[in-house]
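Inside the fold
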Amino acid sequence: MPNSAAIILAAGLGTRMKSTLPKVMHPLAGRPMVNHVIANLQNAGISQLVCVVGPDMPGLEKTVAPHKTAIQADRLGTGHAVLAAKEAMAGFNGSILIAFGDTPLISEHTFKKMLEAGQSSDVVVLGFRPADPAAYGRLVVEDDGALSAIVEYKDATEDQRAINLCNSGVMCVNGAKLFGLLERITNDNAAGEYYLTDIVALARKDGLECRVVEGDEEELLGVNSRVELARAETIVQNQLRHQAMINGATLLDPSTTYFSFDTQLGKDVLVEPNVFFGPRVTVGDNVHIKAFSHLEDATVGNEVVMGPYARLRPGTDLKDKVKVGNFVEIKKALIEEGAKVNHLTYIGDARVGPNANIGAGTITCNYDGYFKYHTDIGADAFIGSNTALVAPVKVGDGANIGAGSVISKDVNNGDLGLTRSPQKNFKGWASKFRARKAQAKNKK
Ligand code: UD1
Ligand code: MG
């Protein structure tokens with residue numbers, strides 16, 4: 001969209017969240033709410049963006065970076081909040097979209113519609129007809145469809161309260177006019193606040209054109225409490241599930257698959273029930289993810305089979321045809337093509353070479369309480385069950401490790417590493433022991 005910018009209002013305290021985290025930083029599908037708004041505005045084509053934040057929100061400034069922030073020191077209303085962005089928008093004369101940071105579900109498509117309408121009208125308001133108009137501001141529209149004013153619920157007459165066309169809060173305003181209009185609003189109203197909505201009546205007085213674009217109620221859900229946050233999460237998850245299936249994944253029970261905003265699944269991925277994808281997960285084609293697996297910040301190649309109950313932690317890189325079985329945890333490790341880690345194992349800070357086989361109960365001991373160390377396992381190596389690999393340590397290509405070993409020295413290519421003490425058998429010992437004990441018990 002040529003020459004368009006956005007101001008996101010996010011200075012509100014969000015007291016109903018009962019949280020020390022600013023409201024708009026609460027995540028939806030693994031990403032702060034405000035970043036959903038930013039992403040959709042950017043996809044709609046805006047060229048610059050300012051987020052209005054409170055004076056006590058350093059974390060939020062980082063969250064929206066590299067976008068600019070403007071601080072609203074006193075929270076005197078939505079009109080006052082937009083004015084806080086005046087300096088950051090100096091010299092900008094294109095269309096300015098105003099959005100709320102706590103209304104995260106508005107689509108790129110709806111923002112585009114607003115910008116398009118902004119090409120021919122000075123003020124465009126995104127309206128909607130909620131099932132329950134509650135305390136939303138009401139849009140007063142004339143017979144010819146022109147918007148004449150927005151009346152806040154607190155200030156509305158009975159007749160105005162009967163209007164079911166409501167203000168979503170999103171506006172698109174001619175940037176050459178916006179701040180001049182805002183400087184003329186007063187706080188002479190029921191809330192004693194500077195209402196952004198008052199610019200409509202002022203614009204009409206100046207003979208400017210104001211109109212309404214109607215949006216969908218579900219998209220305009222505002223998040224004020226954790227109950228509404230959960231409602232928004234469900235909506236986003238359903239969108240992500242839908243998209244994953246459209247893109248060629250089978251979800252056996254979609255309502256139990258949890259995605260992040262950036263999860264990428266290939267074609268013919270089969271996801272069994274109760275699987276969680278944290279941020280930064282990419283999965284290749286023909287992958288089978290069995291029930292109760294948890295993945296975050298991980299890359300999964302083609303034809304991988306994992307789970308049930310597999311846990312891929314940050315920095316996991318599974319190459320093609322890898323198998324990761326039940327109760328296996330992998331962290332910051334490269335598992336090369338065709339390697340198998342099938343049961344009850346922890347692999348962290350490691351490389352497992354192609355076609356290596358890791359026996360049940362193998363643990364890479366990567367941490368001494370102070371530092372982390374690397375384990376390197378070569379191609380085709382065979383690690384016997386219940387092995388502790390005390391890092392830093394290296395097991396060569398085609399080497400074997402005997403079951404139950406504690407390996408703290410490197411094992412060369414093709415060698416056997418074994419730390420098991422020699423086995424002793426005692427002829428007839430068990431039979432004699434049992435006979436003696438049984439006799440003692442019978443006497444009692
Ligand atoms: C606002 C609209 C109302 C609309 C409703 C939709 C006004 C006057 N009213 O009312 O017509 O129906 O949204 O949800 O605009 N904020 C600041 N600084 C402030 C005040 C608010 O940054 O001083 C931010 C808040 O963080 C929030 C947004 O602006 O993101 C909206 O503020 P809020 O107080 O929720 O406005 P409403 O009373 O809901
Ligand atoms: Mg509100």
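Residues numbered from 1 in each chain as written. Chains lettered and ligands numbered in written order. Predicted model: local features only at pLDDT ≥ 70, side-chain atom pairs only at ≥ 80, totals over all residues. Heavy atoms only, no water.

**Things to note about helix α4 (residues 108-118)**
Looking only at α4, the buried set comprises T110, F111, M114, L115, A117 and G118. Buried residues of α4, viewed axially, fall in a sector of 160 degrees; they line one side. On its buried face, α4 sits against β1 (4-10), α1 (33-43), β6 (95-100), β7 (123-128), β10 (166-174) and β11 (210-214). (Buried < 20%, exposed > 50% of the residue type's maximum accessible area, 1.4 Å probe, protein only. Helix = DSSP H or I, 4+ residues; strand = E, 2+ residues; numbered from the N terminus. Arc of directions from axis to C-beta. Contact = heavy atoms within 4.5 Å.)

**Examining the site of ligand 1**
Near ligand 1 there are 19 residues, and of these G12, Q72, T78, E152 and N167 occur at the shortest range. Side-chain polar atom of Q72 to a nitrogen atom of ligand 1: 2.7 Å apart, as the coordinates give it. Within the backbone of L76, a nitrogen or oxygen atom sits 3.4 Å from an oxygen atom of ligand 1. Compared with its free state, where it exposes 750 Å², ligand 1 has 79% of that area covered by protein. When its residues are assigned to classes, the shell around ligand 1 shows 8 nonpolar, 8 polar and 3 charged. (Near = heavy atom within 4 Å. Polar contact = N/O pair within 3.5 Å; in protein donor to acceptor, adjacent residues only side chain to side chain. Areas by Shrake-Rupley, 256 points an atom, 1.4 Å probe, with all protein chains shown as cover. Nonpolar A, V, L, I, M, F, W, Y, C, P; charged D, E, K, R; others polar.)

**Details of the packing of α1 against α4**
Running from N to C, α1 and α4 point in directions that differ by 55 degrees, and their axes come no closer than 8 Å. In terms of orientation, α1 and α4 fall into the oblique class. The chirality of how α1 crosses α4 is right-handed. Facing V37, N40, L41 and N43 of α1, the residues of α4 in contact are E108, F111 and K112. The residue inventory of the contact of α1 with α4, partitioned by class, reads 3 nonpolar, 2 polar and 2 charged. (Axes fitted to C-alpha atoms, helices over the stretch in contact; angles between N-to-C directions. Parallel < 35°, antiparallel > 145°, perpendicular 65-115°, else oblique. Left-handed = near helix turned anticlockwise from the far one by under 90°.)

**Structural notes on a negative patch on the surface**
On the surface, a cluster of negative charge is contributed by D132, D216, E217 and E218. With respect to the secondary-structure elements, E217 resides in the loop between β11 and α8 (226-246). (Patch = residues over 30% accessible without salt bridge, like charges linked within 9 Å, V, L, I, M, F, W, Y side chains within 5 Å. Salt bridge = Lys/Arg side-chain N within 4 Å of Asp/Glu carboxyl O. Lys, Arg positive; Asp, Glu negative; His and termini not counted. Charge placed at Lys NZ, Arg CZ, Asp CG, Glu CD.)

**Some words on the packing of aromatic side chains**
Using the criterion set out here, one finds 5 aromatic pairs in the structure. On the basis of an interplanar angle of 5 degrees and a centroid distance of 4.9 Å, the ring pair of F292 and Y309 is categorised as stacked. In this pair, F292 is assigned in the loop between β17 (288-289) and β18 (294-295) and Y309 in the loop between β20 (305-306) and β21 (310-312), connecting sequence segments 17 residues apart. For F292, a relative accessible area of 41% puts it in the partly exposed group. For Y309, a relative accessible area of 37% translates into the label partly exposed. Here Y309 and F327 contribute two aromatic rings whose centre-to-centre distance is 4.9 Å and whose plane-to-plane angle is 15 degrees, an arrangement assigned as stacked. Of this pair, Y309 sits in the loop between β20 and β21 while F327 sits in strand β23 (residues 323-335), placing them 18 residues apart in sequence. Linked through ring pairs, F292, Y309 and F327 together constitute an aromatic cluster. The ring of Y153 has R161 sitting right over it, with the charged end atom 4.0 Å from the ring centre. (Phe/Tyr/Trp six-rings, centres within 6.5 Å; stacked < 30°, edge-to-face > 60°. Lys NZ or Arg CZ within 6 Å of the ring centre and 35° of its normal.)

**Brief notes about α8**
With 21 residues, α8 should cover 30 Å at 1.5 Å per step; its first-to-last C-alpha distance of 30 Å lies within 8% of that length. All of the buried residues in α8 are E228, L229, A232, I235, V236, Q237, R241 and A244. (Expected span 1.5 Å × (residues − 1).)

**A few points about the domain arrangement of the chain**
For the chain, the assigned domains read domain 1 (4-216) and domain 2 (226-417). For domain 1 and domain 2, the distance between their C-alpha centroids amounts to 44 Å. Contacts between the two partners involve 12 residues from domain 1 and, on the opposite side, 12 residues from domain 2. Between domain 1 and domain 2, the buried area comes to about 990 Å², and carbon and sulfur atoms account for 67% of it. Three residues, L28, A29 and L105, lead the burial of domain 1 against domain 2; their summed loss comes to 50% of the area buried on that side. Linking domain 1 with domain 2 are 0 salt bridges, by the criterion used here. One can count 4 residue pairs in polar contact (both at pLDDT 80 or more) joining domain 1 with domain 2. Classifying every residue of the side of domain 1 that touches domain 2 by side-chain character gives 6 nonpolar, 4 polar and 2 charged. (Domains from an automatic or database assignment. Buried area = accessible area lost by both parts, 1.4 Å probe.)

**Here's the deal with the nonpolar core**
Side chains of a nonpolar character, in soluble globular proteins, are inclined to be buried together. In terms of nonpolar packing, the biggest core is built from 44 residues, with F277, M306, L318 and I335 touching the most fellow members. Ranked by residues supplied to this core, first place goes to β23 with 5 residues. Among residues more than four places away in sequence, those in contact with I335 are D317, L318, K319, V322, I330, V341, I347 and V352. (Core = buried A, V, L, I, M, F, W, Y, C linked by side-chain atoms within 4.5 Å.)

**Some remarks on the pairing of β23**
The pairing of β20 with β23 spans 2 bridges and is classified as parallel. Bridging from a neighbouring strand, M306 pairs with V324 of β23. Alignment of strand β22 (residues 316-318) against β23, held across 3 bridges, turns out to be parallel. Looking at the pairing, T316 lines up with A333 of β23. Two strands pair when backbone bridges link them, and β23 and strand β24 (residues 340-352) are joined in this way by 10 bridges, in the parallel orientation. Looking at the pairing, E329 lines up with Y346 of β24. (Pairing = 2+ DSSP bridges.)

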